[in-house]
Amino acid sequence: MRYGRTGLNAFSSTNQPTTVTLDNVTLTHLAADGITINGPVTTLTVTNSTFADITNTGIDVSGSSGFNDSGYDATSGPVSVTSSTFDEMRHGVLARDLERPRVQNNSYTDVGADTVEACYRSGWEQVCNNVKSAPLQIFGELDLTRLTGNHGTGNGMNAMIISGRIVAGGIWPSQTWPVVLAGRAVGLPLELDYWHDHNASDRQSSTTIDAGVTVTIPAGTVVKAMHQSYPQVNGSLVVNGTNEAPVSITSIKDDTVGGDTLGDGNATTPAPGDWNGISVADGGTATLDGTEIRYAATALTVADADAELHGSVSSSEAGVISNGGFVDATDVDWGSASGPSPYGSGRSISGGGVFVVPWVGYVAPPKPTSSPPYRPPSNYDCKSIAFVGARGSGEAPQGDPEPNFTDAQDGLGGPVWNMYQGFKDEIAPPGSFAYTVKALGVQYRALGTLSDPTRLLTGASYFDSIYDGVSKVKSLLADEHAHCPNEKFVLAGYSQGALAIHIALRQLASEGSSLISSNRLVAVLLLADPAKVANGAEETWEFDEYYAGGGVRNADGIWTHFSPYDNGPLPSQVSGQTLAFCHNHDVVCSPGFGARVRNHTNYTNDELRHMGSWAGYKVKGQPYPSHL
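It should be emphasised that the depicted structure is a prediction, and the values quoted were computed from it without experimental measurement. (Residues numbered from 1 in each chain as written. Predicted model: local features only at pLDDT ≥ 70, side-chain atom pairs only at ≥ 80, totals over all residues. Heavy atoms only, no water.)

**Q** Where do I start with the sheet that holds strand β11 (residues 85-89) in this structure?
**A** The strands making up a sheet associate through hydrogen bonds between their backbones, and the pairing can be parallel or antiparallel. Strand order in the open sheet formed by five strands is β3-β6-β11-β14-β18, and the pairing between neighbours is parallel. Two strands lie at the open edges of the sheet, namely β3 (26-30) and β18 (151-153), each paired on one side alone. Direction aside, neighbouring strands of the sheet carry axes that sit 10° apart on average. Here strand β14 (residues 107-111) pairs with β18 via three bridges, running parallel. Within the sheet, the bridge partner assigned to Ser107 lies in β18 and is His151. (Pairing = 2+ DSSP bridges. Helix = DSSP H or I, 4+ residues; strand = E, 2+ residues; numbered from the N terminus. Axes fitted to C-alpha atoms, helices over the stretch in contact; angles between N-to-C directions.)

In structure tokens form, the structure reads like this:
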């Protein structure tokens, strides 16, 4: 077919389906398009064919679209364009509103090389720019395994532009040019959207990975994004970059990787905020190893979901936002060796549950060598049992540099106080005189972590607070034993308080102290211990009076994961007298995919009181009568 306007123009409907099959066909010197087919039941198969010297588009094929529970929904018959060549035209293949089109192993030369004027209205003003075109643009329900092997040179944009829903995953399409994510989810040609200044009402995810679908991006791949592109992960995104061959997800203006995609030389330069960044929706997961997220507004936004990012966000406006999810963002270049804001001056993080230690350039704060002095009580009032409790991060009282404590038991904190009540009810109920009990608070700083317990690891102030607790635990035990040598001890701590007790016990053991011998230290209660080690010898609960399952048993706490100091299991002298309690997916004692800050703060009064009761049975030398 040659020297006409359009080689083939057809419309299909349910009553009039269209089926086109072309093999070894040549369409050249056409004033409009090679093939134009529209309608919901189009069937198109093109193989081993040549399209050349066409004014507008080689193949322009579209189905129909609507919306269902999954969002955008395309309807079409099967479309396949394979092993064909496209030379000298405005667009090679425009495919829109199609169900899993197959566009593979095609060659594109001199497609979209000439600029055209594209205009849009911004308020009352009409704005026009000269733009070039990408040879291959696909919008619809996408199967990545059907979009491989396309290649070409000398095109306006050396790229394949995609937009829509990825409904079947697999390996990211292998091309000699980048895949570009469009900036909107409606309309073609998509390159015009590069210049479009969206209103807020226009914004919807431009490319989504459906729930249940896994997309894998190999090492060395370059993915580019148009203006305001915001890919959303409802399923799973796995990026397998390495230090030697990172994966770059960047602005279409970035010519330093993947070449000059826009074909405009130095006319455009990338800047932070060129595109929106990656979003992981509720229930989605993203594992981004060796990943450079460049020139985004926010590199990674995580809803009630799970993500892992190791690489760089140094050229984006903001780093990570967590809206209730878990994010392992360790070994990330935040643009400053001081770390991400608010800890340092690098790209920011916000929200709870974002792990950042260590980052690129991280230097651990020095281990404190001194703490504020221990202040002994005004009187000792010796009892049979001293219940020594250490409160968690941010629990009252707070103060800088030291809180103001009102009496000897001030500093237990709410959760430990409930443990103490359960212990006292068990060991010294009304009318019982077998044991006498007193409570002593570990009066250390317990610096707050702004509703995010993962911040324990981020700065010298927190390390000072932790080791102040360690020092105060050791001093309190020594002082109390010196004045009340016949007292036995029960130790109880929550979160930062449990960490202080854990470290103190390890130090006392290494010093050969008799303070932790079984005839003095009769029980230890550790709630949400950041220093928990996997498969520790201590008894561990996951639910009220239930032994921990594999998820908790096999978990290391955040201190064990990330701290350079004082890691390790409890001393053997005390493990048999210790009960640890950790909810599965508690972000402090059981971090990882699925972990949430809320699981660190929802321990119930019954759970806490039963921990105290367990310690009471230890004091009495009796087995705990539970349904473990």
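Structure shown, so let's carry the discussion forward.
**Q** What should I look at first to understand empty space enclosed by the protein in this one?
**A** In this approach a probe as big as a water molecule rolls over the atoms, and the regions it shows empty are the leftover space. Taken as a whole, this structure holds one cavity of 30 Å³ or more when the rule is applied. Of the voids in this model, the largest cavity is the one considered here, and its volume is about 160 Å³. Considering the residues around the largest cavity, the lining is formed by 15 residues, among which Trp172, Leu181, Ile209, Pro231 and Leu237 are closest to the centre. Where the lining of the largest cavity is concerned, the elements lending two or more residues are β22 (207-209), β23 (214-217) and β25 (232-233). In terms of residue class, the lining of the largest cavity is made up of 12 nonpolar, three polar and no charged. (1 Å grid on protein atoms, 1.4 Å probe; cavity = no way out; pocket = protein on both sides within 12 Å on 5 of 7 lines; lining within 4 Å. Points joined across faces, edges and corners; volume = space filled by probe spheres on them. Nonpolar A, V, L, I, M, F, W, Y, C, P; charged D, E, K, R; others polar.)

**Q** What exactly am I supposed to notice about the state of the cysteines here?
**A** Evaluation of the coordinates by the stated rule reveals two disulfides. A disulfide bridge connects Cys382 with Cys484, and the sulfur atoms are separated by 1.9 Å. Taking the sign of the S-S torsion, -75° for the link of Cys382 and Cys484, the bridge is left-handed. With Cys382 in the loop between β36 (354-355) and β37 (385-390) and Cys484 in the loop between α2 (460-483) and β39 (488-494), the pair connects residues that are 102 residues apart, well separated along the chain. (Disulfide = S-S within 2.5 Å.)

**Q** What is the right way to read the pattern of salt bridges from this model?
**A** Pairing between side chains of opposite charge can happen when the charged atoms of each approach one another. As enumerated under the stated definition, the model contains 19 salt bridges in all. Residues Glu402 and Arg375 are paired through a salt bridge, measuring 3.2 Å at the closest nitrogen-oxygen approach. Taken together, the positions of Glu402 in the loop between β37 and α1 (414-427) and Arg375 in the loop between β36 and β37 put the pair 27 residues apart, joining distant regions of the chain. Owing to a relative accessible area of 32%, Glu402 belongs among the partly exposed residues under this scheme. The partner of Glu426 in a salt bridge is Lys620, with the nearest N and O atoms 2.6 Å apart. Remark: Lys620 occurs in helix α7 (residues 605-620) and Glu426 occurs in helix α1; sequence separation between them is 194 residues. Residues joined in a network through salt bridges with shared partners are Asp304, Asp306, Arg596 and Arg598. (Salt bridge = Lys/Arg side-chain N within 4 Å of Asp/Glu carboxyl O. Buried < 20%, exposed > 50% of the residue type's maximum accessible area, 1.4 Å probe, protein only.)

**Q** Explanation requested: the sheet that holds β37 in the structure shown.
**A** Taken in spatial order, the seven strands of this open sheet run β38-β37-β39-β40-β43-β41-β42, and their pairing is mixed. Each of the sheet's edge strands pairs with one partner strand only, and the pair in question is β38 (437-441) and β42 (546-547). Summarising the sheet, strand β41 (residues 539-543) and β42 pair through two bridges and their orientation is antiparallel. Each bridged residue has a counterpart across the sheet, and for Phe543 the counterpart in β42 is Tyr546. On the sheet, helix α3 (residues 496-510) packs against β37, β39 and β40 (521-527) and is oriented at approximately 135° with respect to β39. (Contact = heavy atoms within 4.5 Å.)

**Q** Help me understand the layout of surface pockets, please; the structure alone is not making it clear to me.
**A** Put simply, the largest pocket is a space of about 510 Å³. Taken together, 28 residues form the lining of the largest pocket, with Arg375, Pro377, Asp407, Ala408 and Gln443 sitting closest to its centre. Counting residues per element, the ones that place at least two in the lining of the largest pocket are β38 and α2. Ranked by the residues each element gives to the lining of the largest pocket, the list is headed by β38, at five residues. Of the residues belonging to the lining of the largest pocket, the class tally is 14 nonpolar, six polar and eight charged.

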